[in-house]
Amino acid sequence: MSLRRALLVLLIANAVAPSPALPQLLGDRVEANCSLVAGRSGANGSVDNGGADNGMVAVLCGLPPEQVAGLVKLAASPSAGDRMVLLVRLHAIVPRDSRFPVEAVARFLEILHEQPIDDAKLADRFARIAREHGRLAQEIRALPAADPEVQALRDAAAAALQGAPDHDRARAELEEARNLVRAKRAARIAASMPADQAREEAALVRAQARVETARLCFAEAARLHEQAARLLPAEDREGRAADWESAGLRWTDQGRGFGDDAALVNAIAAFQAALEEQTRSQAPLHWARTQLNLANAFYFRGEREPGTDRLEAAVVAYRLALQETTRERMPRDWAATQTNLGVALAALGERESGTGRLEESAVAYRLALQERTRERTPLDWASTQVNLASVLVMLGERESGTDRLEEAVAAYRLALQEMTRERMPFDWARARGGLATAFMLLGAREAGTARLEAAVADYRLALEEMTRERMPFDWGQFQMNLGGTLLVLAERETGTGRLEEAVSAFELAQQELTRERAPLEWARTQWGLGTALMVLGERETGPGRLEQAVSAFRLALQEITREGMPLQWAQTQINLGNALSTLGARGTGTDRLEAAVVAYRLALQELTRERVPLQWAEAQMNLGNALARLGEREATTARLEEAVSSFRLALLEWTRERVPLQWAQTQMSLGVALSVLGERETGTARLVEAVTAWDLCLTVGDSGWPQERAGVVRSARDQAQAEIARRLSK
């Protein structure tokens, strides 16, 4: 049996391709993150972070995640001593001319503790809070208020946000102002007054939403924006659209930041409501921006479910947005939208068996790079290079050559020139992991192990930054990919050390990639674990590991379905067939072998020669092995003849030039099937063919295989030659 386990589909997309960016296209949206603070500069070279501060955010973004987490812990502590320690530390790091006093910074850190945020994202969220607060009090003071009592309450709300912000008090003052407006509106008689007061109440509700956003309570902010939209008169279509838009953005924040799938569904509904209020003909640019945000919501929801309907909807919405967001009119937004379109197309391409969507994705990224140049926007350029590289990896995995994979390596290396470990540790780690995946795929097609060793080294480097404490989900994915690479290396060794390391890596990954939290990643980890157990089982005498492998593959198939992920489904069928075939070879019956044949033939319904020639060849090879074993237990030769045909089909794509080790393995298996046929015949033709196959096998096996394995082939060949001589001497 071929020991090659095509783990490649397992490793490609999720840990390599970043999620699409959410460009700041509406005045409502405030995007802030440490990459932005580090990478965007103003005309005089100073950091441009939207006026939120004059250095304080940059200082926090420059701290290691552990130090930011330590500050957050101190801010949340009820101990007066801890509070004093926090203030002393903040006085030491917050610039004297910071827009926010130390007390405000301490409150921002408290807000971070109130939300479940990974340590690695704390500084980014801090930047978001600071940016929101930078405009919040000013916007509240600017609210229209014809009534002096309402104005006083509005001013009190703004005052509550000065110094150390008191969000509860600000929200209460705004709520009181809203109730006052509502009561006075009910008492009015004049027909023109209620509409004006409805607008005034909507403005107060909107301000309450801003307060909730400033403390990262996105779901509550979204509900308040929805209330504001419903309060506005029907004729205020622009205002209603803006509030629905804001509600959609806050629902997106909630869904994306906290894994809330229902919030993403709400976001889609809110953006669609905004599009009903403001059509393309009325406000083409706003319409395009809403289409973009709708597309993002579709994408974020679609990437978490097995089907493709929402991903398809995202592609449609991105393309609609591009009809108005043109390169000539808005070059930076056009490039950002092209990038997001590329991400959605890549997600679709990963779930389809063809390469059309992946090719379209690569085109979109290359278009984006025409505007996202290294000189203009180095970090956007690097991010898009990473996205392009990830698609090239997926294309390279499905093609027989290595050109795409070499392109991917070059793109990752370019990106890493800007995504340095010092500047962007987590982006650096993701790019390093993507480079490792490209090396693994190249190494799987080469006789040596240098690329595979480089892949293992890069994954382990990435895991130094992508720790479980900082980024648990990414850590789990990298553990999964490390396990896969160790497995490919282990297949070229006779010991079990690498296999045990691989099992350990997959089991670690499962601690974070649970079925409840991430069903597809969980299934992929089951698949990788099953593969490691299967190879271990092949090297042990007992059936225990193989039985565990069969169970793991069947669990994986509960989530990796043919409809949702045809290539992964087919590869899982192959691995299930391999485990069943090995178990069947060790028993006396044929049930396991028959089940293996069924699994291989199911896989070949998706792994066609036209779509994925190398995987098709692997399936043919493994089908041939199972048929040969069945044939050895039957009196007739039909199964053996089928096996020979399967091996010869495999050799059409598994050529010596492309994949020498797999070619040699197939020649060995072909020789075995031919020799069994030859034993049941009186002539020598089949035995001569077997000797020829084994001689070809040894042209690679003598140098590329362990000595014992090549010795087995040589011994079989010598025995066949002796039998040929014996028969000819009669």
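This one's a predicted model, so the numbers in the text were calculated from it and none came from an experiment.

Draft legend 1. Expanded view of the packing of aromatic side chains. For the coordinates displayed, the defined rule picks out five aromatic pairs. Here the aromatic rings of Phe-108 and Phe-126 are separated by 5.9 Å at their centres, their planes lie at 65°, and the arrangement is edge-to-face. Placement of the pair is Phe-108 in helix α6 (residues 102–114) and Phe-126 in helix α7 (residues 122–141), with a sequence separation of 18 residues. Taken as a pair, Phe-108 and Phe-126 share a single burial class, namely buried. A ring pair is formed by Tyr-299 and Phe-300, whose centres lie 5.7 Å apart and whose planes are at 65°; its orientation type is edge-to-face. According to the relative accessible area criterion, Tyr-299 is buried, its value standing at 6%. Look at Phe-300 and you get buried, because its relative accessible area is 1%.

Draft legend 2. Spatial organisation of helix α13 (residues 261–277). Between its terminal C-alpha atoms α13 stretches 25 Å, which fits the 24 Å expected from 17 residues at 1.5 Å a residue. For α13, the full list of buried residues reads Ala-263, Leu-264, Ala-267, Ile-268, Ala-270, Phe-271, Ala-273, Ala-274, Leu-275 and Glu-277. Taken together, the buried residues of α13 touch α12 (237–258), α14 (284–302) and α15 (309–324).

Draft legend 3. Structural context of the confidence of the model for the chain. Confidence along the chain averages 86 in pLDDT terms, with 90% of residues attaining 70 or more. Counting contacts from residues 1–27, a segment whose pLDDT is below 50, to residues more than four positions away or on other chains yields 116 contacts. Here residues 38–54 scores under 50 on pLDDT; set against residues more than four positions off or in separate chains, the count is 23 contacts.

Draft legend 4. Focus on the packing of helix α28 (residues 613–632) against helix α29 (residues 638–653). Packing of α28 against α29 brings their axes to within 7 Å, and their N-to-C directions diverge by 160°. Viewed along their axes, α28 and α29 adopt a mutual orientation that is roughly antiparallel. The way α28 lies across α29 gives a crossing that is left-handed. Broken down by class, the residue content of the contact of α28 with α29 amounts to 14 nonpolar, five polar and four charged.

Draft legend 5. Examining the side chain of Arg-240 more closely. Residue position: Arg-240 is located in helix α12. Arg-240 sits in the buried class, given a relative accessible area of 17%. Apart from residues lying up to four places away in sequence, Arg-240 is in contact with Ala-229, Arg-230, Leu-232, Pro-233, Ala-234 and Glu-277.

Draft legend 6. Structural context of the nonpolar core. If you look at the biggest cluster of nonpolar residues, it comprises 176 residues, and the most contacted ones within it are Tyr-299, Tyr-318 and Val-391. Sort the elements by how many residues they give to this core and helix α20 (residues 425–444) lands first, with twelve residues. In terms of nonpolar packing, the next biggest core, distinct from the first, is built from 32 residues, Cys-61, Leu-71, Ala-75 and Leu-109 among them.

Draft legend 7. Broad picture of the packing of helix α31 (residues 685–704) against helix α32 (residues 707–729). At their nearest, the axes of α31 and α32 sit 9 Å apart, and the two run at 155° to each other. Between α31 and α32, the crossing angle belongs to the class labelled roughly antiparallel. In this structure, α31 meets α32 at a crossing whose hand is left-handed. Across the interface between the two elements, Leu-687, Val-688, Val-691, Trp-694, Asp-695, Cys-697, Leu-698, Gly-701 and Asp-702 of α31 pack against Ala-710, Val-713, Arg-714, Ala-716, Arg-717, Ala-720, Gln-721, Glu-723, Ile-724 and Arg-727 of α32. Split by residue class, the contact of α31 with α32 holds eleven nonpolar, two polar and six charged.

Draft legend 8. Structural detail: α31. Here α31 contains 20 residues, and its C-alpha end-to-end distance of 29 Å stays within 8% of the 28 Å for a straight helix at 1.5 Å per residue. Helix geometry: α31 is bent most strongly at Leu-698, by close to 40°. Where α31 is concerned, the buried positions are Arg-686, Leu-687, Ala-690, Val-691, Ala-693, Trp-694, Cys-697, Leu-698, Val-700 and Gly-701. Of the surrounding elements, those touching the buried residues of α31 are α29, α30 (660–679) and α32.

Draft legend 9. Local environment of the pattern of salt bridges. Taken as a whole, this structure holds 67 salt bridges when the rule is applied. When the shortest N-O distance is used, the salt bridge between Glu-201 and Arg-178 registers 2.9 Å. Of this pair, Glu-201 sits in helix α10 (residues 193–214) while Arg-178 sits in helix α9 (residues 167–187), placing them 23 residues apart in sequence. Residue class for Arg-178 comes out buried when judged on its relative accessible area of 8%.

Draft legend 10. Up close: the environment of Gly-528. You can see Gly-528 is positioned in helix α24 (residues 519–539). Its relative accessible area of 0% is what places Gly-528 among the buried residues.

Calculation notes
- Residues numbered from 1 in each chain as written.
- Predicted model: local features only at pLDDT ≥ 70, side-chain atom pairs only at ≥ 80, totals over all residues.
- Heavy atoms only, no water.
- Phe/Tyr/Trp six-rings, centres within 6.5 Å; stacked < 30°, edge-to-face > 60°.
- Helix = DSSP H or I, 4+ residues; strand = E, 2+ residues; numbered from the N terminus.
- Buried < 20%, exposed > 50% of the residue type's maximum accessible area, 1.4 Å probe, protein only.
- Expected span 1.5 Å × (residues − 1).
- Contact = heavy atoms within 4.5 Å.
- pLDDT = per-residue confidence, 0-100.
- Axes fitted to C-alpha atoms, helices over the stretch in contact; angles between N-to-C directions.
- Parallel < 35°, antiparallel > 145°, perpendicular 65-115°, else oblique.
- Left-handed = near helix turned anticlockwise from the far one by under 90°.
- Nonpolar A, V, L, I, M, F, W, Y, C, P; charged D, E, K, R; others polar.
- Core = buried A, V, L, I, M, F, W, Y, C linked by side-chain atoms within 4.5 Å.
- Bend = angle between axes of the 7 residues up to and from the residue.
- Salt bridge = Lys/Arg side-chain N within 4 Å of Asp/Glu carboxyl O.

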